[in-house]
Amino acid sequence: MFDVVVIGAGHAGCEAATAAARLGARVGLLTFDPGNLGQMSCNPSIGGVGKGHLVRELDVFDGLMARAADRAAIHRRMLNRSKGPAVWGPRVQADRRIYRAAVASLVASSGVEVLAGEAHGLLLKSGAVNGVSSSNGTVECRSAVIATGTFLDARMFVGERVMEGGRRGEQASNVLAGQIREIGLGQGRLKTGTPPRLDGRTIDWSRLEEQPSDRDPWTMSAMANGIGQPQLRCAKTRTNERTHEIIAANFNRSPLFAGSIEGRGPRYCPSIEDKVRRFADRDAHQIFLEPEGLDDHLVYPNGISTSLPEDVQAEFLRSIAGLERVKIARPGYAVEYEFVDPRRLKATLGVADITGLFLAGQINGTTGYEEAAAQGLVAGLNAAAHALALEEVRFDRRSSYIGVMIDDLTLQGVSEPYRMMTARAEHRLSLRADNATTRLGEAALATACVSDERSAQILGHFDQRGGIGWADTPEGSADLLYTPYVARQEREWEVVQRDSNVWIPSSFHFGDVPGLSTEMVERLSAAAPETLDQASRIAGITPAALSAVYVAIRRQAA
Ligand SMILES: Cc1cc2nc3c(=O)[nH]c(=O)nc-3n(C[C@H](O)[C@H](O)[C@H](O)COP(=O)(O)OP(=O)(O)OC[C@H]3O[C@@H](n4cnc5c(N)ncnc54)[C@H](O)[C@@H]3O)c2cc1C
């Protein structure tokens, strides 16, 4: 009998399984193809603004993602450097194969047993999980984590072509999807997409602006031993009026506009056809050309995900500078899948009314590897805690982006794929990517899910803080920089909580509030609340949004 069985070995599943194993659980990781552990369905890049914060937090708990990203990094860039360090976003472009191998080796050394097969369903007895049935038989367990990503009842689209499958070349998970609907967990459909992969040998790099890797040797993990791989260059190009004309002329062949795709896509990562339609006044969109590996000629054109027909993809690509003779190695496509309403979950990511069942990753309505991996940590620790009768592990939104995400998901739910952004955190001046160990080190030690080396690193970090030379470290100097602002932010937040009857003037424009996401602007503008208290009761309005609105009202009144 396993203590925990995890279904799906993507980013959420691998983190969940290894986190549970670090707590001492006997863990089975059941997945379609054990050769595909940690496969990156889309761009092989890890981190970014908000997402990099999640990876650093996960690292404090000995998660896999930061260490695998460091081993595989072929290009590193600290995003948002022109702004304050609170919103800097460490991001690496990874060699796809090295990343997968790194995850596989970390899983192998964790003691997790990898099981091949398709999960067909949960075995439930008196409202509690006691096993998982699969194409290879049945396994008994005390807890189960479902981390099936974009695979539940999934369909892929390239123009008029529709195929069953959870990701290119991989089958969908239909039987399990049936049970999930039967037990009332199915919520609806979402979609995401990926751009065509290009043959880098057919790109005219000489015409393009280069983007070198950062020179300073920062790493994702606090445990990294320098930079392992040679660092490559990325490049930039742009769409133009001709590109947009080609795309617009083929709107009628897009599954997105022809009505074949029902699910909502990620607002902050729209397809190129969506951008051309929604931002008709823009005459260009930036594209980053990012290599997929050291010994790989595939290039990922970041910014033009599409599900237009293949011939249209080829035509619009060749209208772009540097891509005039480009060959498509694989066409872009969209995938539509079933997800679960995360409001059915507790802060442990346990399903409220099914004992021993936990959900993590894209199944909960999120998008992105980092969001999935961070949920995997939470679900894995709590699945093990349930099986071994240990204390539950919860994250607070005051001290972590992980806490912000779980709180937003479980209280507000989602109407479109949820992606982490710094604007989602009302305490973002204190939640920096550089101070994850300071914020979460104690919790990681208390959870007892970290190695001896990590414990020593955390304790060493605490010793160093406040010592001689601390003010010259990146974290120490950021602490100094933010001290007065953090104090003010705390005071403002206290007022928001205490005095929710603050009036919102009728002349107030939510679109002018700095730091408010477009999603929040839309929700607030549609409901037009008259007080902060009313705003707080609009579905989906986060504490971060309330705080930003409060600050803007005070500034307007001053
Ligand atoms: C085409 C495409 C485009 C994407 N574009 C973006 C993007 O632009 N930006 C972004 O942030 N994210 C994007 N994503 C999303 C990103 O890939 C996911 O957010 C992330 O991989 C989710 O991680 P996960 O662990 O939840 O699921 P996944 O990584 O999808 O892993 C799920 C795992 O479960 C296994 N599995 C599924 N069902 C079963 C079953 N019944 N039995 C056994 N095993 C099963 C699968 O084999 C897989 O290993 C894209 C995904 C796809 C497919």
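Here the structure is shown first, and the text comes after it.
Attention here is on the structure that accompanies the text.

About the thresholds
Residues numbered from 1 in each chain as written. Predicted model: local features only at pLDDT ≥ 70, side-chain atom pairs only at ≥ 80, totals over all residues. Heavy atoms only, no water. Helix = DSSP H or I, 4+ residues; strand = E, 2+ residues; numbered from the N terminus. Rg over C-alpha atoms; globule rule 2.2 N^0.38 Å. Buried < 20%, exposed > 50% of the residue type's maximum accessible area, 1.4 Å probe, protein only. Contact = heavy atoms within 4.5 Å. Areas by Shrake-Rupley, 256 points an atom, 1.4 Å probe, with all protein chains shown as cover. Lys, Arg positive; Asp, Glu negative; His and termini not counted. Charge placed at Lys NZ, Arg CZ, Asp CG, Glu CD. Near = heavy atom within 4 Å. Polar contact = N/O pair within 3.5 Å; in protein donor to acceptor, adjacent residues only side chain to side chain. Nonpolar A, V, L, I, M, F, W, Y, C, P; charged D, E, K, R; others polar. Axes fitted to C-alpha atoms, helices over the stretch in contact; angles between N-to-C directions. Parallel < 35°, antiparallel > 145°, perpendicular 65-115°, else oblique. Left-handed = near helix turned anticlockwise from the far one by under 90°. Phe/Tyr/Trp six-rings, centres within 6.5 Å; stacked < 30°, edge-to-face > 60°. Lys NZ or Arg CZ within 6 Å of the ring centre and 35° of its normal. Expected span 1.5 Å × (residues − 1). Bend = angle between axes of the 7 residues up to and from the residue. Pairing = 2+ DSSP bridges. Salt bridge = Lys/Arg side-chain N within 4 Å of Asp/Glu carboxyl O.

### What to know about the overall build of the chain
Of the regular secondary structure elements, the chain holds 16 helices and 20 strands. For 558 residues, the compact-globule formula gives about 24 Å, and the C-alpha radius of gyration of the chain, at 23 Å, lands near that figure. Within the span of the chain, comprising 558 residues, buried residues form 59% of the whole. The contacts of the chain with a sequence gap of at least 6 include a subset with a gap of at least 24, amounting to 74%. For the chain, the computed accessible surface area is about 22100 Å², with 49% contributed by carbon and sulfur atoms. Computed over 62 positive and 67 negative side-chain charges, the separation of the two mean positions in the chain equals 3 Å.

### Here's the deal with the site of the ligand
Residues in close proximity to the ligand total 36 residues, the closest being A12, A119, S173, Q362 and G368. Within the contact set of the ligand, a nitrogen atom lies 2.8 Å away from a side-chain nitrogen or oxygen of S173. In this structure, an oxygen atom belonging to the ligand sits 2.7 Å away from a main-chain N or O atom of G368. In the complex, 96% of the free accessible area of the ligand, which totals 980 Å², lies under the protein chains. Secondary structure elements with two or more residues in the shell around the ligand: α1 (11-22), β2 (27-31), β12 (186-194), β19 (333-340) and α9 (369-388). In terms of residues, the shell around the ligand owes the most to one element, β12, which gives three residues. A breakdown of the residues in the shell around the ligand according to their chemical character gives 14 nonpolar, 18 polar and four charged.

### Considerations on the packing of helix α6 (residues 241-249) against helix α8 (residues 310-317)
Direction vectors running N to C along α6 and α8 enclose 165°, while the axes themselves pass 9 Å from each other. Viewed along their axes, α6 and α8 adopt a mutual orientation that is roughly antiparallel. The element α6 and its partner α8 pack so that their crossing is right-handed. Residue-level inspection shows R242, T243, I246 and I247 of α6 in contact with α8, the latter providing V312, E315 and F316. Among the residues forming the contact of α6 with α8, the class breakdown is four nonpolar, one polar and two charged.

### Let's talk about the packing of aromatic side chains
For the coordinates displayed, the defined rule picks out four aromatic pairs. Relative to F151, the ring of F32 lies with its centre 6.1 Å away and its plane at 40°, an arrangement referred to as tilted. On the criterion of sequence distance, the pair formed by F32 in the loop between β2 and β3 (45-47) and F151 in the loop between β9 (137-146) and β10 (155-158) is long-range, its members being 119 residues apart. Assessed through its relative accessible area of 10%, F151 is described here as buried. Judged by centre distance (5.0 Å) and plane angle (85°), the rings of F251 and F257 are edge-to-face. A cation over a ring is seen here: R81 above W88, with NZ or CZ 5.5 Å from the ring centre.

### Comments concerning helix α13 (residues 474-498)
An ideal rise of 1.5 Å per residue puts 36 Å on 25 residues; α13 measures up with 35 Å between its terminal C-alpha atoms. Of all the bends in α13, the greatest, near 50°, is centred on Y482, and the proline P484 appears no more than four residues after it. For α13, every residue scored as buried is listed here: E475, G476, A478, Y482, Q489, E492, W493, V495 and V496.

### Overview of the pairing of strand β11 (residues 161-164)
Two faces make up the sheet, and in a regular strand the side chains alternate between them. Relative to β11, β10 runs antiparallel, the two being bridged by four bridges. Note that in β11 the partner of V158 across the bridge is R161.

### Focus: the sheet that holds β3
A sheet is described by the order of its strands in space; here three strands give the open sequence β3-β5-β4, paired in antiparallel fashion. On the outer flanks of this sheet lie β3 and β4 (73-79), each paired with one strand and no other. For this sheet, the mean angle separating the axes of adjacent strands, direction not counted, is 20°. In terms of strand pairing, β4 meets strand β5 (residues 89-94) through six bridges, oriented antiparallel. Bridge pairing in β5 links L79 to G89.

### Details of the pattern of salt bridges
Side-chain pairs of opposite charge can arise whenever the charged atoms involved come near each other. Under the counting rule described, the total for this entry stands at 42 salt bridges. In this structure, E170 engages R167 in a salt bridge whose closest nitrogen and oxygen atoms are separated by 2.9 Å. Accessibility classification places E170 together with R167 in one group, the buried group. Of the charged contacts, one joins E210 and R233 as a salt bridge, the two residues approaching to 2.5 Å between their closest N and O atoms. Of the two residues, E210 sits in strand β14 (residues 209-211) while R233 sits in the loop between β14 and β15 (234-238), which places them 23 residues apart along the sequence. A network of salt bridges, in which partner residues are shared, links D153, R155, R181, R189, E336 and E338.

### Some words on α1
Its 12 residues place the ends of α1 17 Å apart at the C-alpha level, agreeing with the 16 Å of an ideal helix rising 1.5 Å per residue. Burial within α1 is extensive, with 11 of its 12 residues counted as buried. Residues of α1 that are buried include every one of H11, A12, G13, C14, E15, A16, A17, T18, A19, A20 and A21, and no others. Residue G24 follows α1 closely and has a positive phi angle near 100°.

### Quick notes on the sheet that holds strand β16 (residues 286-291)
If you walk across this open sheet you meet the six strands as β14-β15-β16-β17-β13-β18, and the pairing is antiparallel. With one partner strand each, in any of the chains shown, β14 and β18 (328-330) form the two edges of the open sheet. Direction aside, neighbouring strands of the sheet carry axes that sit 40° apart on average. As paired strands, β16 and strand β17 (residues 298-302) are joined by four bridges and run antiparallel to one another. Residue pairing for β17: F288 is matched across the bridge by N302.

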